[in-house]
Protein chains: 2
Amino acid sequence: MRIEINTERLLARIEALGRIGALPGGGCKRLALSAEDAAGRALVSGWFRDLELDVYTDVIGNCWAIRPGQKDLPPLVMGSHIDTVATGGLYDGVLGVLGGLEVIESVIDAGIETDHPLAVAFFTNEEGARFAPDMMGSGVSQGALDLEEMLAKVGIDGVSVADALEEIGARGREPVGALAPCAYLELHIEQGPVLEAEGTEIGVVTGVQGISWTEFAIAGRSAHAGTTPMALRQDAGAVAAGIAMEARAIARDFGPPQVATVGRMRFAPDIVNVVPEEAVLTVDLRHTDEAVLQAAEARLVAAAEALAEAEGCTLSRRSLARFEPVSFDSGLVDEIEEGAKRLGLSHRRMPSGAGHDAQMFAPTCPAAMIFVPSQDGISHNIHEYTAPHDLANGVRLLAEVALARAGVVQPEGQTA
Amino acid sequence: MRIEINTERLLARIEALGRIGALPGGGCKRLALSAEDAAGRALVSGWFRDLELDVYTDVIGNCWAIRPGQKDLPPLVMGSHIDTVATGGLYDGVLGVLGGLEVIESVIDAGIETDHPLAVAFFTNEEGARFAPDMMGSGVSQGALDLEEMLAKVGIDGVSVADALEEIGARGREPVGALAPCAYLELHIEQGPVLEAEGTEIGVVTGVQGISWTEFAIAGRSAHAGTTPMALRQDAGAVAAGIAMEARAIARDFGPPQVATVGRMRFAPDIVNVVPEEAVLTVDLRHTDEAVLQAAEARLVAAAEALAEAEGCTLSRRSLARFEPVSFDSGLVDEIEEGAKRLGLSHRRMPSGAGHDAQMFAPTCPAAMIFVPSQDGISHNIHEYTAPHDLANGVRLLAEVALARAGVVQPEGQTA
């Protein structure tokens, strides 16, 4: 069963939501549970109600809208988030929510009934830009995060999640976990450059990379740059540069999807003619395979220790973050791929490099994601952009997969 | 002619001068032309006058003290400076001045007369810690720096050199360049670890390394550490780390006395999970041979450009400082070496990695330096230390070379 989606309606909604918290140069700022988030929630849930969906909000502020199915079955849930980072764009998260809404409205417009209920949802504080951790609402919803613990979290402005929920009236009465989806589908912009660079229309997301953040601190000895021979130095900066190069070498030797990033680097005393006494750097390693990620970590640490020892420096390290990889449901991933083929959309399997609400559903139900291209790979940036035809392709594929999973009730009363 | 020096007198003077501007944890602060410098000048010039030397101060505040010779010849000048950095030690500069004074007093004590006058001097603002450039007084004295231009220089506290000289009464009436030395000898602590590490007593300084400071700024593109494949990155930080490693490789491949130091390194936006958009680093290259120094610079720049190009980054660079190497007078260097042999002091030829007043004399008269060990190679630090026997060895050698150059008048009236 193929349905027509209304791209203009989708774009108009994306633009309307983007005007809430709009920033002067473009993009928008709707931090989780802020006044702007409240206005965005009101707008989107109003659209839900316009379609006479069953709308409810749970105790962590996740908002769910359900169109009943013809059978007493768990719902097929489409969703994402509508909060943004401080300098966010119009598409990150929003596409998954308004795309899901567009699927449901198009289904209604086409007079189609499904066996499973169709649901769309937006989850509280996916970004983590105001309250840590990120993916909070979906995590609580699926039991990965503790409700009371999350309600007590205090944001960058000193306000707790509980108080912020109360303040904007976003704390609902439904208990978490009340709704057990038959499957979860999330349409999202890639937030990276791969699809655009390849000219591929659809990313079939196979999982979320594991993430390992390590901070290395090197202690050497400050010395005069002119009077100290190379052989007598304990140069903390040289060790740091060596670790950075090793991180690169690991990514090169392991090959894709291994990535390695040295995002932070600081020297002390940071003076032109003084050999650095201290250096601190961070290494962000990601891989889809936990065993490979561990191998990358082990090689990095061994190399860092060897570099420090060779230079007569001391090395300390601490983990800043560590998440194991998440694999999406292979059956659902296959369905997305087959759907893309049926729609004649070019596609490639790929992992997600960033975290998403879908990974919180992966342990509890079949979950998967669809990516569409991000112009220049830019996201978390006011210049974030995905072209209308790419947005529409994503929603068409979302509809294709959702309807197949939800079971279209044929005119004869038979399921497709 | 061998004379006995009085080590206790030397040490007492070093300690007395060190009490002026003494810091709580040790060391001292006598910034050029400060109240502390004024007190130091009064103390040292008072010692000059106690010996009935001819003391005069020139218009840039250099203070000279002369013991007349038996012939109408230019003086043999020994000297250095008594100003310090903000967290200075007791020996840097001071040893050359009080060592020279000790030589003269010991000569007087021994009843020896010389053909050439013997002079000791301290020069204004060698450190450059309050007023840039450094080596100001000696530079003006020897015509390398313009008097009026230097008088107009404004220090870190907003006071000009001219006003600071007036304020502490250090502006003399003697014109610069009035005194043309027959030779200039400077005893100094090494300020590096070489002599101590080798167990060598004396450094016969052959010249001062050329210095090349370059700041490299790399512009790449910020990108998500998770979603951006390695091949699609423009990582400014990786280029910076590569340049740092290349600087090291140059020092290794060229061998001593080539040194290379990356003292400053900064990334932007300096966030764990963002590929750096900008990186800035400095490279300090030094060598005694101008041609080699130029070759090192050329290799570094070529490598930096290649690294930036390979990463799709843009590179800009600017010179922060550039001084050609200075070679000391080979005859005088030989005399220092021979003097060390005669005194039974272990010695090695070495360049100076830091700048010194002696390099300002090198173009105008035979000039050379004697180094004594610095404990742990530390200088410009309150823990700067040189053991009494090393201080005494340096002064003995200074006396040996100075007397040979100045010509000792024998009892029979014959020159030695």
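All of these numbers come straight from a predicted model, not from anything done at the bench.

A look at the relation of the copies chain B and chain A
Inference 1: Mapping chain B onto chain A leaves a residual RMSD of 0.1 Å; the transformation is a rotation of 180° accompanied by 0.0 Å of translation along its axis. The symmetry that links the two subunits is that of a two-fold axis. Within chain B, the C-alpha atom positioned nearest to the axis of rotation is that of B:A241, 2.4 Å from it.
Inference 2: Looking at the interface residues of chain B, 100% of them are also at the interface in chain A, so both copies use one shared face.

Here we look at helix α8 (residues 236-254) of chain A
Residues and elements named next belong to chain A.
Inference 1: Spanning 19 residues, α8 covers 27 Å between terminal C-alpha atoms, matching the ideal 27 Å at 1.5 Å per step.
Inference 2: Within α8, 14 of the 19 residues are buried, which leaves the element mostly enclosed by the surrounding structure.
Inference 3: By the N-cap criterion, in which a side-chain oxygen at the helix start approaches the backbone nitrogen of a residue two or three places on, α8 is capped by D235, the distance to G237 being 2.9 Å.

Some details on the packing of helix α1 (residues 7-18) of chain A against helix α2 (residues 35-50) of chain A
All names here are of chain A.
Inference 1: For the pair α1 and α2, the least separation of the axes is 10 Å and the interaxial angle reads 155°. Taken together, the axes of α1 and α2 are roughly antiparallel relative to one another. Judged by residue contacts, R13, A16 and L17 of α1 engage G40, L43, V44 and W47 from α2.

Comments concerning the packing of α1(A) against helix α12 (residues 388-406) of chain A
Residue and element names in this part refer to chain A.
Inference 1: Their axes nearest at 10 Å, the elements α1 and α12 cross at an angle of 110°. By the criterion of interaxial angle, the relationship of α1 to α12 is roughly perpendicular. The handedness of the crossing between α1 and α12 comes out as right-handed. Contacts between α1 and α12 pair T7, L10, L11 and I14 from the former with P388, L391, A392, V395 and R396 from the latter.
Inference 2: Grouping the amino acids of the contact of α1 with α12 by side-chain chemistry returns seven nonpolar, one polar and one charged.

A word on the UniProt feature "domain: Peptidase M20 dimerisation" (unreviewed entry) in chain A
Inference 1: As annotated in UniProt, the feature "domain: Peptidase M20 dimerisation" (unreviewed entry) corresponds to residues 207-308 of chain A in the numbering used here.
Inference 2: The distance from the first to the last C-alpha atom of residues 207-308 of chain A is 36 Å, and the span holds 37% helix and 32% strand.

About the cut-offs
- Residues numbered from 1 in each chain as written.
- Chains lettered and ligands numbered in written order.
- Predicted model: local features only at pLDDT ≥ 70, side-chain atom pairs only at ≥ 80, totals over all residues.
- Heavy atoms only, no water.
- Least-squares fit on C-alpha atoms with pLDDT ≥ 70 in both.
- Contact = heavy atoms within 4.5 Å.
- Helix = DSSP H or I, 4+ residues; strand = E, 2+ residues; numbered from the N terminus.
- Expected span 1.5 Å × (residues − 1).
- Buried < 20%, exposed > 50% of the residue type's maximum accessible area, 1.4 Å probe, protein only.
- Polar contact = N/O pair within 3.5 Å; in protein donor to acceptor, adjacent residues only side chain to side chain.
- Axes fitted to C-alpha atoms, helices over the stretch in contact; angles between N-to-C directions.
- Parallel < 35°, antiparallel > 145°, perpendicular 65-115°, else oblique.
- Left-handed = near helix turned anticlockwise from the far one by under 90°.
- Nonpolar A, V, L, I, M, F, W, Y, C, P; charged D, E, K, R; others polar.
- UniProt positions renumbered as here; feature names shortened; annotations may be inferred.

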